[in-house]
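# Coordinate inspection notes
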Amino acid sequence: VEVKKSAPTFNEFTVSLPRDAGDVVNAMIDKGFSAGFPLGRYYRNMDNCLLVAVTERRTREEIAVFTEALESVIHG
């Protein structure tokens, strides 16, 4: 997973995944997470890109659990 940086961000950022972002979002829903917005639906050549939003309402522990779930989805 690679964070795409083209400008400073506040609470939204884009990550490039090693597989289709739509598939990842669907698998994350099965794990109880709304993982983000798959950008390939609206932008050419961005099928593996996911827009993620994280606010101050999420704890480090919640982000860690999300990250672990995302890793398990990506690596099967």
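Being a predicted model, the structure only gives us computed values, none of them experimental.

Of note, serine 16 is situated in strand β2 (residues 12-16). Note on serine 16: relative accessible area 18%, which makes it buried. Each residue touching serine 16, except ones within four places of it in the same chain, is listed here: Val1, Glu2, Lys4, Asn48 and Cys49.

Within helix α1 (residues 21-30), burial applies to Ala21, Gly22, Val24, Val25 and Met28. Seen along its axis, α1 keeps its buried residues to an arc of 160°; they face one direction. If you follow the buried residues of α1, they end up packed against β3 (37-38), β4 (49-53) and α2 (60-75). Backbone geometry just downstream of α1 places glycine 32 in the positive-phi region, at approximately 90°.

Moving on, we come to the environment of arginine 58. Position of arginine 58 among the secondary structure elements: in the loop between β4 and α2. Take arginine 58: its relative accessible area is 46%, and that puts it in the partly exposed class. A distance of 3.4 Å separates polar atoms of two side chains, one belonging to arginine 58 and the other to glutamate 62.

Reading guide: rules and limits
Residues numbered from 1 in each chain as written. Predicted model: local features only at pLDDT ≥ 70, side-chain atom pairs only at ≥ 80, totals over all residues. Heavy atoms only, no water. Helix = DSSP H or I, 4+ residues; strand = E, 2+ residues; numbered from the N terminus. Buried < 20%, exposed > 50% of the residue type's maximum accessible area, 1.4 Å probe, protein only. Contact = heavy atoms within 4.5 Å. Arc of directions from axis to C-beta. Polar contact = N/O pair within 3.5 Å; in protein donor to acceptor, adjacent residues only side chain to side chain.

None of this, on its own, says anything about what the molecule does.
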